[in-house]
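A closer look at the structure
One-letter residues, chain by chain:
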Amino acid sequence: MALPNNHGYFGNFGGSFIPETLYSCLEELKKAYARAKKDKSFKTNLDYYLKEYAARPTRLYFAKHLSAYLGLKVYLKREDLLHTGAHKINNSLGQALLAKYMGKKRIIAETGAGQHGVSAATVARLFGLSCDVYMGEEDMARQRMNVFRMKILGAKVIPVLSGSKTLKDACSEAIREWVTSVRDTYYLIGSTFGPHPYPMIVRDFQSVIGKEARAQIIQKEKKLPDFLVACVGGGSNAMGLFYNFFKDEKVKFIGVEAGGLSRNLNSASISYGDIGVLHGAKTYVLQDKFGQVKGTHSIAAGLDYPGVGPEHSFYNDSKRGRYVTVKDSEALEGFKMLSELEGIIPALESAHAIYYLKKLAKKNKGALVILCLSGRGDKDLEIVQSYLDAEKRG
Ligand SMILES: *Cc1c(COP(=O)(O)O)cnc(C)c1O
């Protein structure tokens with residue numbers, strides 16, 4: 001059974017809960033994507049840019065010191081080595097080529113911390129598309145360097161003043177803008193969320209991660225791994241790794257959500273949320289008792305979203321995947337652990353997954369693990385420094 005079904009459902013989750021005005025936009029996208037998927041030249045073109053521009057395939061690196069320290073056998077899927085420093089470029093290249101394929105001249109995107117905005121602005125430059133990025137005013141102030149990066153890349157950053165002035169408001173605003181300008185505009189969504197067909201499209205473009213990793217581990221170890229571990233924000237790097245192992249029932253999936261500061265202040269939609277509808281999809285959402293979307297927090301900007309991709313909600317409820325939380329303070333420990341043991345500074349998002357290995361090791365000595373190192377840590381140094389300073393002050 002291929003998922004999602006024709007209506008965009010992964011079991012009980014997904015679908016497209018949208019105003020009627022968006023219906024034709026999504027129909028057009030669905031049809032264009034189905035055509036592109038069958039078109040050999042589309043695939044050849046995408047493969048070319050993934051290889052020559054983004055630097056795929058990425059390495060599957062045996063982390064010798066980390067493995068010895070933990071008593072596991074850990075391989076890192078090195079998405080941190082890609083152009084722009086994270087896995088997001090896989091999806092942005094795919095969707096920008098799809099935008100061109102559809103004859104669109106302009107892309108719009110939403111961004112929280114600015115990483116997806118930078119990735120969208122990058123591919124817009126590459127393919128000569130104009131690019132408007134919607135970003136909460138609050139986030140713009142917190143992430144000045146990424147705003148500047150987008151400007152250097154020729155994108156227009158549009159401040160969003162509604163609601164909490166963060167990512168969820170930027171998403172809503174981008175959707176509103178899309179309705180009014182769909183004829184020449186493509187909406188480039190940054191993770192496996194949103195109405196059908198986006199969760200499927202983003203998953204497909206990110207599934208190159210797991211496709212490569214599966215072949216690489218078989219070549220290196222002559223067997224499949226026991227565990228796949230990845231951090232989950234919207235869920236794209238995790239789904240990218242998991243998807244090609246779906247039928248390998250013995251391979252266990254672990255998605256690591258941002259446990260933030262506490263049970264009440266976090267971004268762990270599956271672990272601490274309830275079923276609801278957010279940005280066009282039925283999925284786990286962090287909400288209060290009135291069904292209003294809750295304020296979220298994570299030390300890792302890329303995990304700070306109150307929803308999660310519907311396919312992960314499905315994996316959770318069908319028990320195909322297990323979803324766990326790692327707190328801010330633990331993620332910092334994961335950050336230090338990989339930096340000090342392997343000389344690899346991870347993104348704070350990925351550091352959540354790294355820390356979880358410590359817990360995994362307790363009951364699974366010697367297990368073979370692939371961890372998705374979704375991005376590099378350069379962007380996070382100031383945040384880490386301020387946390388470490390605060391720790392010192394007590
Ligand atoms: C954006 C981001 C994430 C979270 O997004 P997913 O869609 O859940 O993968 C994780 N890691 C890094 C480095 C990111 O930039």
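Scroll up to find the structure this text is about.
All figures in this text were calculated on a predicted structure; none of them were measured in a lab.

1. So, the overall build of the protein chain
Of the regular secondary structure elements, the protein chain holds 16 helices and 14 strands. The C-alpha radius of gyration computed for the protein chain amounts to 19 Å, which stays within 12% of the reference 21 Å derived for 394 residues, consistent with globular compactness. Overall size of the protein chain, expressed as C-alpha extent along the three principal axes, is 55 × 50 × 40 Å. Out of the 394 residues belonging to the protein chain, those deemed buried represent 59%. Once local pairs closer than 6 in sequence are excluded, the contacts in the protein chain between residues at least 24 apart make up 74%. As displayed, the protein chain has an accessible area near 16900 Å², and 52% of this comes from carbon and sulfur atoms. Positive and negative side-chain charges in the protein chain, numbering 56 and 40 respectively, have mean positions lying 5 Å apart.

2. Let's talk about the sheet that holds strand β9 (residues 227–231)
The 6 strands are arranged β3-β4-β14-β9-β10-β13 in an open sheet whose pairing can be described as mixed. For this open sheet the edge positions go to β3 (60–62) and β13 (321–327), each flanked by a neighbour on one side alone. Geometrically, the sheet is characterised by an average inter-axis angle of 25 degrees between neighbouring strands, direction not taken into account. As paired elements, strand β4 (residues 73–78) and strand β14 (residues 368–373) share 6 bridges and run parallel to each other. Note on β14: the bridge partner recorded for Lys 73 is Leu 368. Along the sheet, helix α10 (residues 208–221) makes contact with β3, β4 and β14, crossing β4 at roughly 140 degrees. Set on the sheet, helix α14 (residues 328–342) makes contact with β3, β4, β10 (252–260), β13 and β14; between it and β13 the angle comes to about 90 degrees.

3. Regarding the sheet that holds strand β7 (residues 156–160)
Read across the open sheet, the 4 strands follow the order β7-β6-β5-β8; overall the sheet is parallel. Because the sheet does not close on itself, it has two edges, and the strands there are β7 and β8 (185–187). Across the sheet, the mean angle from the axis of one strand to that of its neighbour is 25 degrees, orientation sign disregarded. Looking at chain direction, strand β5 (residues 106–111) and strand β6 (residues 130–136) are connected through 6 bridges and run parallel. Within β6, the residue paired with Glu 110 across the bridge is Tyr 134.

4. Examining α10
Over its 14 residues, α10 runs 20 Å from end to end, which matches the ideal 20 Å to within 8%, given 1.5 Å per residue. Listed as buried for α10 are Val 208, Ile 209, Gly 210, Glu 212, Ala 213, Gln 216, Ile 217 and Glu 221. As for α10, its buried residues are in contact with β3, β4, α4 (88–101), α9 (198–206), α11 (236–242) and β14. Just downstream of α10 lies Lys 222, where phi reads positive at about 60 degrees.

5. Digging into the nonpolar core
Counting 58 residues, the largest nonpolar core has Leu 98, Ile 107, Trp 178 and Tyr 186 as its most contacted members. Tyr 186 has contacts with Leu 29, Gln 95, Leu 98, Ala 99, Met 102, Lys 104, Arg 106, Ile 107, Ile 108, Trp 178 and Tyr 198, leaving out every residue within four places of it along the chain. Ranked by size, the runner-up nonpolar core spans 37 residues in total, among them Val 326, Leu 332, Leu 357 and Leu 360.

6. Remarks on the packing of aromatic side chains
Inspection of the entire model under this criterion finds 15 aromatic pairs. A centroid spacing of 4.9 Å and a plane angle of 85 degrees characterise the contact between Tyr 49 and Phe 127, whose relative ring orientation is edge-to-face. Within this pair, whereas Tyr 49 is found in helix α2 (residues 40–52), its partner Phe 127 is found in helix α5 (residues 115–127), the two being separated by 78 residues in sequence. Between Phe 62 and Tyr 75, the aromatic rings sit 5.3 Å apart at their centres with planes inclined by 45 degrees, giving tilted as the arrangement.

7. What about the pattern of salt bridges?
Tallying each qualifying case throughout the model produces 21 salt bridges. The partner of Asp 204 in a salt bridge is Lys 37, with the nearest N and O atoms 3.6 Å apart. With a gap of 167 residues between them, Asp 204 in helix α9 and Lys 37 in helix α1 (residues 23–38) connect regions that are remote in the sequence. Asp 204 gets classed as buried once you look at its relative accessible area, which sits at 16%. Between Glu 212 and Lys 77 there is a salt bridge; the shortest N-O distance is 2.7 Å. One end of the pair, Glu 212, is in helix α10; the other, Lys 77, is in strand β4, and 135 residues separate them in sequence. Each member of the pair, Glu 212 as well as Lys 77, is classed as buried. Salt bridges sharing common partners tie together Lys 37, Arg 203, Asp 204 and Glu 311.

8. Digging into the packing of α14 against helix α16 (residues 381–393)
One way to put it is that α14 packs onto α16 with a least axis distance of 12 Å and a crossing angle of 115 degrees. By the angle between their directions, the pair α14 and α16 is classed as roughly perpendicular. The two elements α14 and α16 cross, and the hand of that crossing is left-handed. Counting all contacts with α14, which are made through Asp 328, Leu 332, Phe 335 and Lys 336, the residues of α16 involved are Leu 381, Val 384, Tyr 387, Leu 388 and Glu 391. Residue composition of the contact of α14 with α16, by class: 6 nonpolar, no polar and 3 charged.

9. Points about the side chain of Ser 267
Structurally, Ser 267 can be placed in the loop between β10 and α12 (269–272). Owing to a relative accessible area of 2%, Ser 267 belongs among the buried residues under this scheme. Of the polar contacts made by the side chain of Ser 267, one reaches the side chain of Asp 304; its length is 3.1 Å. With sequence-adjacent residues up to four places away left out, Ser 267 is seen in contact with Ala 258, Leu 286, Thr 296, His 297, Ser 298, Leu 303, Asp 304 and Tyr 305.

Reading guide: rules and limits
Residues numbered from 1 in each chain as written. Predicted model: local features only at pLDDT ≥ 70, side-chain atom pairs only at ≥ 80, totals over all residues. Heavy atoms only, no water. Helix = DSSP H or I, 4+ residues; strand = E, 2+ residues; numbered from the N terminus. Rg over C-alpha atoms; globule rule 2.2 N^0.38 Å. Buried < 20%, exposed > 50% of the residue type's maximum accessible area, 1.4 Å probe, protein only. Contact = heavy atoms within 4.5 Å. Areas by Shrake-Rupley, 256 points an atom, 1.4 Å probe, with all protein chains shown as cover. Lys, Arg positive; Asp, Glu negative; His and termini not counted. Charge placed at Lys NZ, Arg CZ, Asp CG, Glu CD. Pairing = 2+ DSSP bridges. Axes fitted to C-alpha atoms, helices over the stretch in contact; angles between N-to-C directions. Expected span 1.5 Å × (residues − 1). Core = buried A, V, L, I, M, F, W, Y, C linked by side-chain atoms within 4.5 Å. Phe/Tyr/Trp six-rings, centres within 6.5 Å; stacked < 30°, edge-to-face > 60°. Salt bridge = Lys/Arg side-chain N within 4 Å of Asp/Glu carboxyl O. Parallel < 35°, antiparallel > 145°, perpendicular 65-115°, else oblique. Left-handed = near helix turned anticlockwise from the far one by under 90°. Nonpolar A, V, L, I, M, F, W, Y, C, P; charged D, E, K, R; others polar. Polar contact = N/O pair within 3.5 Å; in protein donor to acceptor, adjacent residues only side chain to side chain.

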